[in-house]
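# Descriptive analysis of the structure
Okay, here's what each chain looks like letter by letter:
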Amino acid sequence: MELTAGSVWMIVSAAMVLLMTPALGLFYGGMTRAKASLNMMMMSFVSVGIVGVVWVLWGYSMSTGQGVLGVFGNPFASFGLSSLIGSPDLIKAGYSATFAILTVALISGAIADRAKFTSWALFVPIWITLVYCPLAFMVWGGGLMSAGGAVSAVFGQVIDFAGGTVVEIASGTAALVLVLILGNRHGFGKDPGHRPHNIPFIMLGAGILWFGWFGFNAGAATTVEQAGLIWVNTLAAPAAAMISWLVTEKVRHGHHTSLGAASGAVAGLVAITPSCANISPLAALGLGFVAGAACAVFVDLKFKFGFDDSLDVVGVHLGGGLIGTLALGFIALPVDGAGGGLFYGGGLHQVIAQAVAVLITVAVSGLGTAVIGLAIHKTLGFRVSREDELAGVDRSEHAETAYAFAELGFSRFNPFGHHVGAAHAATSAHAATSAHAATSAHAAGRAPENASAHAKEDSLV
């Protein structure tokens with residue numbers, strides 16, 4: 001069979017979406033403390049390896065093909081994908097795998113700084129199997145919420161082109177459940193050391209995510225007209241969301257921040273995901289403005305209600321996913337002059353269909369994650385010890401550190417070698433002084449990091 005332009009585009013899009021997961025690692029890694037950044041990146045990176053294996057063996061089969069009660073596909077129908085050799089469906093299998101990989105990786109940001117890596121590595125394949133695959137089948141694979149499915153037959157056809165329910169709401173709900181199971185970080189809301197340690201990483205990660213999202217949304221486009229609409233909407237919504245987030249934080253907090261710009265763009269991308277092929281560019285701008293401002297407020301709810309969504313997964317992905325999915329009930333374009341959202345004269349049918357899809361997704365992801373998370377937490381334990389958390393999970397979980405500034409100054413070759421001895425002596429004296437100051441402060445009842453600026457820098461790294 002000749003390689004068509006559509007097939008080439010899907011291959012390229014799959015590669016773009018796969019790049020989104022390492023980009024997410026950069027985005028999340030920059031948002032954590034320096035001594036937890038490697039762990040955060042690894043939680044994203046290992047998701048590629050684990051889900052890649054699961055998808056070949058049974059994941060793809062469970063998300064498509066022969067259904068079981070309209071809830072999930074037969075895991076043995078295309079086990080190992082050998083039956084797809086010689087078929088163009090193998091490209092679709094690869095493309096859909098990248099969605100599964102990114103979805104579970106998104107969850108990790110909510111439990112940054114405190115999760116056992118082994119427990120996370122166990123959570124990933126179980127969650128993909130019991131939560132993601134059934135939802136993907138129900139929405140896209142011919143299940144309950146697909147065209148002709150039982151839910152669609154009763155409430156109307158659900159619209160979710162690229163994953164507002166399956167990816168965004170599912171991951172955001174799972175993130176909230178895991179946060180409640182693991183509990184808050186020590187010092188949550190009080191320790192300034194929990195602020196992001198590398199803003200350039202965040203900006204770079206967000207930029208690559210935006211690039212990959214064009215493949216995420218437009219990879220399944222079937223016509224040039226549809227692809228053009230998706231591309232423009234994927235530009236417009238995050239652009240508007242970035243602006244509205246920046247305006248909102250300026251009004252509320254007095255500053256425009258780089259973190260806000262990156263987070264606003266991501267919020268807009270989340271919101272446009274389910275509706276990218278079904279709304280006008282003007283509506284995409286409106287959706288972006290609403291999503292950016294709303295998510296800027298949502299992320300602060302964790303402080304009001306006291307749940308430690310470390311990297312704002314709940315506020316951005318659950319919040320943005322809800323806005324984007326429910327908005328379709330109002331702004332979806334009519335198809336061939338019929339249907340459409342409430343603002344186009346389509347009545348309440350689409351509103352009801354979208355609301356039902358949200359409720360089903362929250363229920364499946366929430367209950368499934370609770371069972372999986374609690375089982376792991378009560379057996380292996382999902383959270384590191386207090387000592388390991390305070391010391392940094394990079395060291396305790398991986399025996400590595402992201403930064404080794406001290407070693408950089410004392411390499412074996414140094415053009416100013418006659419100064420090395422003196423510099424080393426000065427550094428040793430500084431370290432002893434900082435340690436003494438920290439100890440004295442502790443004895444006096446003050447936080448060690450307030451004893452000296454240098455001691456605080458050391459604790460952050």
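Computed from a prediction, not measured in an experiment: that's the story for all the values here.

### A word on the overall build of the protein
Within the protein, the regular secondary structure consists of 18 helices and two strands. Across the 461 residues in the protein, those meeting the buried criterion constitute 50%. Long-range contacts, defined as pairs at least 24 residues apart, comprise 74% of the intrachain contacts of the protein with a sequence gap of at least 6. Total accessible area on the protein stands at roughly 19800 Å², and carbon and sulfur atoms take up 70% of it.

### Describing the nonpolar core
Counting residues in each nonpolar core, the largest one holds 114 residues, and the members touching the most others are Phe27, Phe123, Trp127 and Ile128. Top contributing element to this core by residue count: helix 4 (residues 117-140), with 13 residues.

### Some points on the pattern of salt bridges
Oppositely charged side chains are able to pair whenever their charged atoms sit close together. Scanning all chains against the criterion turns up eight salt bridges. Across the salt bridge formed by Arg33 and Asp113, the nearest N and O atoms sit 3.2 Å from each other. Pair noted here: Arg33 is in the loop between helix 1 (5-31) and helix 2 (37-63) and Asp113 is in the loop between helix 3 (89-107) and helix 4, with a separation of 80 residues, a long-range link. Taking the relative accessible area as the measure of exposure, Arg33 reaches 6% and is therefore buried. Asp113 gets classed as buried once you look at its relative accessible area, which sits at 2%. For the salt bridge of Asp312 with Lys302, the shortest nitrogen-to-oxygen distance reads 2.7 Å. Remark: Lys302 occurs in helix 11 (residues 301-305) and Asp312 occurs in the loop between helix 11 and helix 12 (313-331); sequence separation between them is 10 residues. Lys302 shares its class with Asp312; the two are buried.

### Here we look at the confidence of the model for the protein
Note: predicted coordinates in regions of low pLDDT should not be interpreted at a detailed level. Put simply, the protein has an average pLDDT of 90, and 88% of its residues get 70 or more. Within the model, pLDDT remains below 50 along residues 417-427, and this stretch shows five contacts once partners closer than five positions in the same chain are excluded. For the stretch residues 435-461, pLDDT sits under 50, and the model shows 23 contacts to residues farther than four places along the chain or on other chains.

### Quick notes on helix 2
Each α-helix turn comprises 3.6 residues. Residues three or four places apart therefore point the same way. The end-to-end C-alpha separation of helix 2 is 33 Å, well short of the 39 Å expected for 27 residues at 1.5 Å each. Residue Trp55 marks the point of greatest curvature in helix 2, where the axis turns by about 70 degrees. The first or second residue beyond helix 2 is Gly65, which carries a positive phi of 75 degrees.

### A look at a nonpolar patch on the surface
A contiguous nonpolar surface patch, about 760 Å² in accessible area, is contributed by Val154, Phe155, Phe330, Leu342, Phe343, Tyr344, Leu348 and Ile352. Tracing the backbone through its elements, the reader meets Tyr344 in the loop between helix 12 and helix 13 (349-379).

### Section: the packing of helix 1 against helix 7 (residues 199-218)
Describing two packed helices takes the angle between their axes plus the distance from one axis to the other. Taken N-terminus to C-terminus, the directions of helix 1 and helix 7 make an angle of 155 degrees; their axes are 7 Å apart at the nearest point. It follows that helix 1 is roughly antiparallel to helix 7 by the angle criterion. In this structure, the crossing between helix 1 and helix 7 has a hand that is left-handed. Residue composition of the contact of helix 1 with helix 7, grouped by class: 21 nonpolar, five polar and no charged.

### Considering the environment of Ile128
Within the secondary structure, Ile128 is located in helix 4. Its relative accessible area of 0% is what places Ile128 among the buried residues. Residues Ile128 and Ile101, spaced 27 residues apart in sequence, show a C-alpha to C-alpha distance of 8.7 Å. Ignoring anything within four residues of it in the chain, the contact list for Ile128 reads Val51, Val54, Trp55, Ala100, Val104, Cys133 and Pro134.

### Describing the side chain of Thr273
Within the secondary structure, Thr273 is located in the loop between helix 9 (258-272) and helix 10 (281-298). At 2.7 Å, the side chain of Thr273 forms a polar contact with the backbone oxygen of Leu269.

### Some points on helix 4
Residue Ile128 marks the point of greatest curvature in helix 4, where the axis turns by about 45 degrees. Counting buried positions over the 24 residues of helix 4 gives 18, a clear majority of the element.

### Looking at the packing of aromatic side chains
Throughout the structure, instances matching the rule amount to 13 aromatic pairs. Arranged with centres 5.5 Å apart and planes meeting at 10 degrees, the rings of Phe188 and Phe303 form a pair that is stacked. A residue pair is termed long-range when its members are at least 10 positions apart, and Phe188 in the loop between helix 6 (164-182) and helix 7 and Phe303 in helix 11 qualify at 115 residues. When its relative accessible area of 14% is taken as the criterion, Phe188 is described as buried. Given a relative accessible area of 48%, Phe303 falls into the partly exposed group. An aromatic cluster is present here, built from Tyr95, Phe99, Trp140, Trp213 and Phe216 joined pairwise through their rings.

### Considerations on the environment of Val179
Position of Val179 among the secondary structure elements: in helix 6. With 72 residues separating them along the chain, Val179 and Ile107 place their C-alpha atoms 9.8 Å apart. In this structure, Val179 is in contact with Ala110, Ile111, Arg114, Phe307, Asp308 and Asp309, ignoring residues within four places of it in sequence.

### Things to note about the packing of helix 1 against helix 2
Two elements in contact, helix 1 and helix 2, have axes whose closest approach is 8 Å; the angle formed by their N-to-C orientations is 165 degrees. Here helix 1 lies roughly antiparallel to helix 2, going by the angle between them. Viewed along their axes, helix 1 and helix 2 form a crossing whose handedness is right-handed. Across the interface between the two elements, Leu18, Thr21, Pro22, Leu24, Gly25, Leu26, Tyr28 and Gly29 from helix 1 touch Ser37, Met40, Met41, Ser44, Phe45 and Val48 from helix 2. Along the lines of polarity and charge, the residues of the contact of helix 1 with helix 2 split into nine nonpolar, five polar and no charged.

### Points about the side chain of Thr325
Within the secondary structure layout, Thr325 lies in helix 12. According to the relative accessible area criterion, Thr325 is buried, its value standing at 0%.

Calculation notes
- Residues numbered from 1 in each chain as written.
- Predicted model: local features only at pLDDT ≥ 70, side-chain atom pairs only at ≥ 80, totals over all residues.
- Heavy atoms only, no water.
- Helix = DSSP H or I, 4+ residues; strand = E, 2+ residues; numbered from the N terminus.
- Buried < 20%, exposed > 50% of the residue type's maximum accessible area, 1.4 Å probe, protein only.
- Contact = heavy atoms within 4.5 Å.
- Areas by Shrake-Rupley, 256 points an atom, 1.4 Å probe, with all protein chains shown as cover.
- Core = buried A, V, L, I, M, F, W, Y, C linked by side-chain atoms within 4.5 Å.
- Salt bridge = Lys/Arg side-chain N within 4 Å of Asp/Glu carboxyl O.
- pLDDT = per-residue confidence, 0-100.
- Expected span 1.5 Å × (residues − 1).
- Bend = angle between axes of the 7 residues up to and from the residue.
- Patch = residues over 30% accessible without salt bridge, like charges linked within 9 Å, V, L, I, M, F, W, Y side chains within 5 Å.
- Axes fitted to C-alpha atoms, helices over the stretch in contact; angles between N-to-C directions.
- Parallel < 35°, antiparallel > 145°, perpendicular 65-115°, else oblique.
- Left-handed = near helix turned anticlockwise from the far one by under 90°.
- Nonpolar A, V, L, I, M, F, W, Y, C, P; charged D, E, K, R; others polar.
- Polar contact = N/O pair within 3.5 Å; in protein donor to acceptor, adjacent residues only side chain to side chain.
- Phe/Tyr/Trp six-rings, centres within 6.5 Å; stacked < 30°, edge-to-face > 60°.

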